[in-house]
Amino acid sequence: MDTKLDTKLIQIEDTKKIKDEELSEAAAIIRRGGLVAFPTETVYGLGANALDEEAARKIYAAKGRPSDNPLIAHISCLKELEPLVSEIPEAGRKLAEKYWPGPLTMVFPKSEKVPYGTTGGLDTVAVRMPSDPVANRLIALAGVPIAAPSANTSGRPSPTMAEHVWQDMNGKIDMIIDGGPVGIGVESTIVDVSGEVPMLLRPGAVTMEMLRETVGRVEMDPAIQGPPKENLRPKAPGMKYRHYAPKAALTLVEGETDNVVAEINRLVKEHMAAGERVGVICTEETKERYPEGILRSIGVRSQEETIAHNLFAVLREFDDLQVDCIFSESFSKHDLGQAIMNRLTKAAGYHIIKV
Ligand code: AMP
Ligand code: MG
């Protein structure tokens, strides 16, 4: 961007007792077409008025985001959904009842009110109702749906703390609201409910198992189940980009724990001998077993929520440490593990060693 903005950073005193005065300036910025980054329960979002094409354009510019990658419109209550969509299919209604507010985004056929500048030219619109009290209150006070992709520079790991947003967005947006570290740490689940059978487009904290329990049959977009293929385009346009990428080459090692630890230790030795700075992503259960390399524990293997919560912060930390390569343990592909492995395998550019 050519003009540098004076980015204001505000701190929420107590996120459990938000005073409207704390958010009134932020709401006014959104209403007049500016950009405000704010916490949600998944990751920090970069918000603008979803009904204002010009404001949406500013999001793409600040993030360096490709313009065919549509934005999610955030609402604060169910009555705000109706004006945005031309239809609320049965599955959408059931899932909204069960998981809103929460980390679930649904794709609906869009109404005329939603500009193509927000949907990347698509006739559908993605909508989410966040449960985070700061996000929810901000949307209600702004009085308009807020388009909010993750508040990172395109291609960098999503921000899970206000400090990450500051690193990427200082000088490019009007305001950052610091509400402390987020709860979940990976982006929302995306389900397309505009077709006959609901389809999972991006795994997240509302898992495939949970979706199926509520609406029965749910399919998974085949294009997100493996490395990118030329003739198989992901239904969520954003999923085709190499997201979340740390600057260093990341390799995942998959297999039985003892074999994984042995292989990572062997790789660390080999790369250190070649003069490289080597990072290792391990877990609380295994951290004593790596004598060499720059070690970061990503969480407790038996508590997947801790791994989701720390994932992007660990990738950013390795960027700051300027390592040349990173070797990481792998995780189960069930429940929340599906979202964790989706992000990790993409960050690794699908470079996986099986032992
Ligand atoms: P972000 O908020 O940056 O995590 O990205 C939003 C994700 O939602 C991207 O992967 C988009 O491609 C996806 N998305 C937004 N709107 C739609 C839509 N109408 N149809 C399918 N995917 C969508
Ligand atoms: Mg993103």
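Residues numbered from 1 in each chain as written. Chains lettered and ligands numbered in written order. Predicted model: local features only at pLDDT ≥ 70, side-chain atom pairs only at ≥ 80, totals over all residues. Heavy atoms only, no water.

Thoughts on helix α3 (residues 90-99)
Taken as a whole, α3 has its buried residues at Ala91, Gly92, Leu95, Ala96 and Tyr99. For α3, the angular spread of buried residues about the axis comes to 130°, placing them on one side. Exposed residues pointing more than 90 degrees away from the buried face of α3 are listed as Glu90, Glu97 and Lys98. Against β5 (104-109) and α7 (208-215) lie the buried residues of α3. (Buried < 20%, exposed > 50% of the residue type's maximum accessible area, 1.4 Å probe, protein only. Helix = DSSP H or I, 4+ residues; strand = E, 2+ residues; numbered from the N terminus. Arc of directions from axis to C-beta. Contact = heavy atoms within 4.5 Å.)

Regarding the sheet that holds strand β15 (residues 325-329)
Each strand in a sheet pairs with its neighbour through backbone hydrogen bonds, running either in the same direction (parallel) or in the opposite one (antiparallel). The five strands lie next to each other as β14-β13-β15-β12-β16, forming an open sheet whose pairing is parallel. Edge strands, defined here as strands with exactly one partner in the open sheet, are β14 (294-297) and β16 (352-354). Between one strand and the next, the sheet's axes are offset by a mean angle of 20°, whatever the strand orientation. Here helix α8 (residues 257-273) sits on the sheet in contact with β12 (249-254), β13 (278-282), β15 and β16, set at roughly 175° to β15. (Pairing = 2+ DSSP bridges. Axes fitted to C-alpha atoms, helices over the stretch in contact; angles between N-to-C directions.)

A closer look at the nonpolar core
Membership of the largest hydrophobic core comes to 46 residues, with the highest contact counts inside it found for Leu46, Trp100, Leu104 and Phe108. Elements represented by at least two residues in this core include exactly β3 (45-49), α2 (53-63), α3, β5, β6 (124-128), α6 (162-169) and α7. Broken down by element, the residue count for this core peaks at five residues, all from α2. Residues in contact with Trp100, not counting those within four places in the same chain, are Ile75, Leu78, Leu81, Leu95, Met106, Phe108, Val127, Arg128 and Met129. Among the nonpolar cores identified, the runner-up in size contains 25 residues, and Val43, Val186, Tyr244 and Ile340 belong to it. (Core = buried A, V, L, I, M, F, W, Y, C linked by side-chain atoms within 4.5 Å.)

Things to note about the site of ligand 1
As a matter of local geometry, ligand 1 sits amid 22 residues, with Arg65, Asn69, Thr124, Arg202 and Gly238 nearest to it. Here Pro237 contributes a backbone N or O atom positioned 3.2 Å from an oxygen atom of ligand 1. Among the elements that take part in the shell around ligand 1, β6 stands out by supplying three residues, more than any other. Here the shell around ligand 1 is composed, by residue class, of 14 nonpolar, four polar and four charged. (Near = heavy atom within 4 Å. Polar contact = N/O pair within 3.5 Å; in protein donor to acceptor, adjacent residues only side chain to side chain. Nonpolar A, V, L, I, M, F, W, Y, C, P; charged D, E, K, R; others polar.)

Comments concerning the side chain of Thr40
Along the polypeptide, Thr40 turns up in the loop between β2 (36-38) and β3. Polar contacts involving the side chain of Thr40 include one to the side chain of Thr42, which spans 2.9 Å. At 2.8 Å, the side chain of Thr40 forms a polar contact with the backbone oxygen of Val43.

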